[in-house]
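Chain residues, written in single-letter form:
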Amino acid sequence: MCTSIRNYQRVFLLFLQNAMQIVGFMEDEVKSVLELVAAVLKLGNIEFKPESRCNGTDESRVKDKNDLKEMCELLGIEQSVLERAFSYRTVEAKQEKVSTTLNVAQAYYARDALAKNLYSRLFSWLVTRINESIKAQTKARHKVMGVLDIYGFEIFEDNSFEQFIINYCNEKLQQIFIELTLREEQEEYVREGIEWTNIEYFNNAVICDLIENHQNGILAMLDEECLRPGTVTDETFLDKLNTICAGHQHFESRHSKNSKFLTDHSLPHNCFRIQHYAGKVLYRAEGFVDKNNDLLYRDMSQAMYKAKHGLMKQLFPEGNPAKVNLKRPPTAGFQFKASVGTLMRNLLTKNPNYIRCIKPNDKKASHIFTDTLVCHQVRYLGLMENVRVRRAGYAFRQAYEPCLERYKMLCKRTWPHWRGPAREGVEVLMADLQVPADDFSYGRSKIFIRNPRTLFSLEERRRQCLQDLASLIQKIYRGWKCRSHFLLLKKSQIVVSAWYRRYAQQKKYQKIKSATTVVQSYTRGWQARKLLRELKYQKRCEEAVTTIAAFWHGTQARLELRRLKQAVQNKRAVTVIWAFWQGTKVRRDYRKFFRANAGKKIYDFTIQRIMQKYFLGLKSSSPPMSPVDKSWPARPYRFLDGVHAELRKIFHHWRCKKYRSQFTEEKKAVYEEKLEASEIFKDKKALYPSSVSQPFRGDYLEITKNPKYQKLNSSVDAKVLLADVVNKINRANGKGTARIFLLTKKGVVLADQKTGQVKASVPLPDLASVSVSTQSDGFFALKLKEGSASAIKGDFLLSSERLIEIITKLHLTGGGDSERLNIDISDEFLVQFNHDKVCVKFVQGGAKNGNGASCKRKNNRLLEVSVPTTA
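Keep in mind that this is a model prediction, so the values were computed, not measured. Per chain, residue numbering runs from 1 following the sequence as it is written. Two thresholds apply to this predicted model, a pLDDT of at least 70 for residue-level local features and 80 or more for giving and counting side-chain atom pairs, whereas whole-chain, interface and lining totals are computed over all residues. The side-chain numbers reported here are obtained from all heavy atoms of the structure, hydrogens and water having been left aside.

Details of the overall build of the protein chain
Here's step 1: Secondary structure follows DSSP: runs of H or I at least 4 residues long count as helices, runs of E at least 2 residues long count as strands, and numbering of each begins at the N terminus. Broken down by element type, the protein chain carries 25 helices and 22 strands.
Here's step 2: Relative accessibility decides the category of a residue: with a 1.4 Å probe and only protein chains considered, values under 20% of the type maximum give buried, values over 50% give exposed, and everything between is partly exposed. Across the 871 residues in the protein chain, those meeting the buried criterion constitute 34%.
Here's step 3: Contact between two residues is taken to exist if any of their heavy atoms lie within 4.5 Å; hydrogens are not considered. For the protein chain, restricting intrachain contacts to residue pairs at least 6 apart in sequence, the fraction spanning at least 24 positions comes to 56%.
Here's step 4: Each accessible area value is a Shrake-Rupley result obtained with a 1.4 Å probe; residue values ignore everything except the protein chains displayed when judging cover. Surface summary for the protein chain: the accessible area is close to 57,900 Å², and the carbon and sulfur share equals 56%.

So, the pairing of strand β21 (residues 854-859)
Here's step 1: One bridge is not enough; two strands pair if DSSP finds at least two bridges between them. Relative to strand β22 (residues 862-868), β21 is paired through five bridges, and the arrangement is antiparallel. Residue pairing in the sheet places Asn859 in a bridge with Leu862 of β22.

Some remarks on unusual backbone geometry
Here's step 1: Residue Trp415 is joined to Pro416 through a cis peptide bond whose omega torsion reads 0°.
Here's step 2: If you trace the backbone, Pro416 turns up in the loop between α17 (400-407) and α18 (422-433).
Here's step 3: Positive phi, close to 65°, is recorded for His367, a residue that is not glycine.
Here's step 4: Summarising the element assignment, His367 is placed in the loop between α14 (332-348) and α15 (371-380).
Here's step 5: Relative accessible area serves as the criterion here: at 83%, His367 is assigned to the exposed category.
Here's step 6: Unusually for a residue other than glycine, Asp683 sits at a positive phi of about 65°.
Here's step 7: Looking at where Asp683 falls in the secondary structure, it is placed in the loop between α22 (665-681) and α23 (688-691).

Considerations on the confidence of the model for the protein chain
Here's step 1: The pLDDT score gives, residue by residue, the confidence of the prediction method on a 0 to 100 scale. In the predicted model, the protein chain carries a mean pLDDT of 78, and 85% of its residues have values of at least 70.
Here's step 2: Averaged pLDDT values over the elements of the protein chain bottom out at 62 in helix α10 (residues 254-259) and peak at 87 in strand β15 (residues 767-772).

Side note on the nonpolar core
Soluble globular proteins: nonpolar side chains tend toward being buried together.
Here's step 1: Leu82, Phe86 and Leu114 are the most contacted members of the largest nonpolar core, which totals 39 residues.
Here's step 2: Taken together, the elements giving at least two residues each to this core come down to α2 (27-43), α3 (65-75), α4 (79-87), α5 (104-141), α12 (298-305) and α13 (312-315).
Here's step 3: No other element matches α5, which puts nine residues into this core.
Here's step 4: With residues near it in sequence (within four places) discarded, Phe86 still touches Leu43, Ile46, Phe48, Ser60, Leu68, Leu102, Ala107, Ala110, Arg111, Leu114 and Met300.
Here's step 5: In plain words, nonpolar cores are sets of buried Ala, Val, Leu, Ile, Met, Phe, Trp, Tyr and Cys residues tied together by side-chain atoms within 4.5 Å. Among the nonpolar cores identified, the runner-up in size contains 38 residues, and Phe251, Ala278, Ala285 and Val374 belong to it.

Some points on the pairing of strand β16 (residues 779-784)
Here's step 1: Of all six residues that make up β16, six are buried, and the element is covered over most of its length.
Here's step 2: Of the two faces of β16, the one carrying Phe779, Ala781 and Lys783 and the one carrying Phe780, Leu782 and Leu784 are both buried.
Here's step 3: Bridging between β15 and β16 involves five bridges; their strand directions are antiparallel. Within β16, the residue paired with Val772 across the bridge is Phe780.
Here's step 4: Taking the residues between adjacent antiparallel strands as the criterion, β15 and β16 are bridged by six residues.
Here's step 5: Where β16 lies against strand β17 (residues 796-799), four bridges are found, and the strand directions are antiparallel. Bridge assignment links Ala781 to a residue of β17, and that residue is Leu797.

So, the side chain of Ser788
Here's step 1: Mapped onto the elements, Ser788 comes out in the loop between β16 and β17.
Here's step 2: Accessibility expressed as a relative area gives 14% for Ser788, which makes it buried.
Here's step 3: Throughout this description, a polar contact denotes any pair of N or O atoms lying within 3.5 Å of each other; where both atoms belong to protein, one of them has to be capable of donating a hydrogen while the other can accept it, and for residues adjacent in sequence the pair is counted only when both atoms sit in side chains. For Ser788, the side chain forms a polar contact with the main-chain oxygen of Lys785, separated by 2.7 Å.

Looking at the side chain of Glu676
Here's step 1: By secondary structure assignment, the location of Glu676 is in helix α22.
Here's step 2: The exposure class assigned to Glu676 is buried, which follows from its relative accessible area of 13%.
Here's step 3: Side chain to side chain, Glu676 and His811 meet in a polar contact 3.1 Å long.
Here's step 4: The contact partners of Glu676, leaving out residues within four places of it in the chain, are Thr808, His811, Leu812 and Arg820.

Some details on the sheet that holds strand β6 (residues 271-276)
Here's step 1: If you walk across this open sheet you meet the three strands as β5-β6-β7, and the pairing is antiparallel. Whereas interior strands pair on both sides, the edge strands pair on one side only; in this sheet they are β5 (251-253) and β7 (279-284). Averaged over all pairs of adjacent strands, the angle between their axes in this sheet comes to 25°, without regard to strand direction.
Here's step 2: Summarising the sheet, β5 and β6 pair through three bridges and their orientation is antiparallel. Considered in β6, the bridge of Ser253 is made with Phe272. The angle between two axes is taken between their N-to-C directions and runs from 0 to 180 degrees, where each axis is a line fitted to C-alpha atoms and a helix contributes only its stretch in contact.

Some remarks on the sheet that holds strand β9 (residues 440-442)
The pairing of strands in a sheet comes from backbone hydrogen bonds and takes either a parallel or an antiparallel form.
Here's step 1: Spatially, the three strands line up as an open sheet ordered β8-β10-β9, and their pairing is antiparallel. Only two strands of the sheet have a single neighbouring strand rather than two, namely β8 (396-399) and β9. On average, each strand axis in the sheet is inclined to that of its neighbour by 15°, with strand direction left out of account.
Here's step 2: On top of the sheet, α18 reaches β9 and β10 (446-449); it is set at about 155° to β9, its chief contact.

As for the pattern of salt bridges
Here's step 1: What counts as a salt bridge is simple: a side-chain nitrogen of Lys or Arg found within 4 Å of a carboxyl oxygen of Asp or Glu. This model, assessed by the stated rule, comprises 17 salt bridges.
Here's step 2: The closest approach of N and O atoms between Asp777 and Lys685, which form a salt bridge, is 3.6 Å. Taken together, the residues span a long stretch of sequence, with Asp777 in the loop between β15 and β16 and Lys685 in the loop between α22 and α23 at a distance of 92 residues.
Here's step 3: Residue Asp777 is classed as buried on the basis of its relative accessible area, which comes to 3%.
Here's step 4: Owing to a relative accessible area of 4%, Lys685 belongs among the buried residues under this scheme.
Here's step 5: Salt bridges here are not isolated pairs; linked through shared partners, they connect Glu252, Arg273 and Lys280.

Some thoughts on the packing of aromatic side chains
Here's step 1: Ring pairs shown here join Phe, Tyr and Trp side chains whose ring centres sit within 6.5 Å, with only the six-membered ring taken for Trp; geometry is labelled stacked below 30 degrees between planes, edge-to-face above 60, and tilted in between. As enumerated under the stated definition, the model contains 10 aromatic pairs in all.
Here's step 2: Taken together, a centroid distance of 5.5 Å and an interplanar angle of 85° make the contact between Phe164 and Tyr283 edge-to-face. With a gap of 119 residues between them, Phe164 in helix α6 (residues 161-191) and Tyr283 in strand β7 connect regions that are remote in the sequence. When sorted by exposure, Phe164 lands in the same class as Tyr283, which is buried.
Here's step 3: These aromatic residues form a ring-pair network of at least three members: Phe164, Phe251, Phe272 and Tyr283.

Below, the structure written as structure tokens:
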């Protein structure tokens, strides 16, 4: 017997693992689920024994620690931690902690609460995991059919809290059934203008209100009793029900009966009765408060959170010591009510279809049909009213547009296209099909068909028409296919013929070309030989003339050489005599000049020595090569004042030229921007002196390298000259919103700092001017040209710590192709916001938010910027 049971368990586990893997569970998840189920079973075997402490208080201890050890091994938790959680309870109030011992009854309560929570949270995790798996599969299938198995109405001899919430759920489902099948059906007939006699039915909304009303509902009063301080029992809860719900027509109790001078011995003192749609149900109030609370001690939650099991941290997130919540957990009734509300909202968004199951007898036996039981179920399920509505109503309804689109091929006047309103097309279609007028009715937006046979007839005609249309399409397709095949064969024949003719003409051309080449070669050979003979004869004639001319020129050259030699000999004698005479004359003149100018030469020599010493001294004591160094050696003599100053000026210019020659193109651009900033703001803006020592970097956000701004960088189609974070001032409250400020060669871009999404883009030609104050604030206004596309929302009022660099680059980039942007420096200027002009005024004041300037809205036409006074 034991062997067969074990075999059955093995087979069941195999089927269970296979089913979970099909749904989408991993092997470790299946193992974790089975371990938790085993832990719940082991938890029920744990028993406690009382022990007395020295101070006279009672505490509980685990009788047999083997079961506790096995459970701790399954959950991966230390045995001492779980044993302490069963013996002690810690109560926290603000910043105080009080640890108290648990007696045996409280320990059993903690054990049962842990078992319930483990099983309940595991069940919720399984449902969530299965739903996630189904959602992942629906991404490929796109269609899902959900099946809701209703609890079924429960009426037992002893009904408690569980039967109460189950019957409450059935009431809500019955209410949706009434809304979707009876009330909406009749309301649609009235809305569409169909002649209709209203059919009365029982609406159970009053029962749902009795249970779930936020103020006077039974669930609300139960939660109030569970949460209020003081002694709370089931009797106090029943007294509260008798006080508030005594006058309700669907609520009965011994107190309410006695107040009406009635006697009902079938209604005990500790019970109350609710008249549900399925009949009257007697509920025993005992256990309502405890089952609704079902509290799990915080020590137990923290002990479960410390477990090494893979699912425990997901099932007990409130046990995290870093996220301690002192609030009481929601009650079971509140959770069930919220779950039912979510189910109702989900059902209302779907198109549900109902399958009503009738219980034939109470004996659960076949071939037995109890008339009274079946009639009772048919009556309280509202099936009679539903049948009457369906029998008196219309079986099928459809909007005119889809109806005409579906059946328009049945009439020649509506096929293939109907030119006109859809209702007129449906009327023409029905008249042409000769459908009896009693079988359908025209509503305001739909057509209603009473008899299903009429709909089946329309579908049969449509099916036959579709077959005819399919045959016609097949015929046309086959004809097109044959014509296409014929045209392809014809085209192929033309291509083959063309290629053959080309080949024949190429062969003929090759023969003609070969013959022509032979003739041309013979002709060219004859012409070449003839030309060669002529050239040889001409060459012999030229060689003869050249030989004769050479002999004649040689004779003439020898005669001329003899004449030149004779002339050179005569000229050399004359030159020697002239040279002696000139030398004598120069020596005589030199002696005369030296005797007359001996003193002047001594003076000139002295001056030359002084200047030589002066220049050598400058060389040895020359100042550094830095252009900002103003040192210069002292002059040795007073008469050198002019020369000394001129040399200092020349040296400084040369030194500056050498320093400038070391600059790169980027450094030159930076110094040009600094010079431009000096021309714009020097002695005009109080913020300028603090910006002189700060280099202009341009891209402070590294927008081309930072992956966070990759999408923003790709959306900008021009080179980024400046990228920084600025504050966009709001007109409503004067507060700033962080924005990314990009300046390109084409325009200005403002983007969101977190997402990088472009908020505004202004081309440079649309900028009219920029306005700043004379004080040490970072506020500036971008004014747009009137009538431009960017000026719809008005100007931009911004603030930045790098105002000098932003305004300088804007000025250099310019507002157009060859223009430079105008810079207005004033402590009061106008800014256009949408259709209103607002005055921005700068005043001196104390620092409120740190050391920066603060903007405050005075009225609809004035924004006041308070700038701290600089020392």
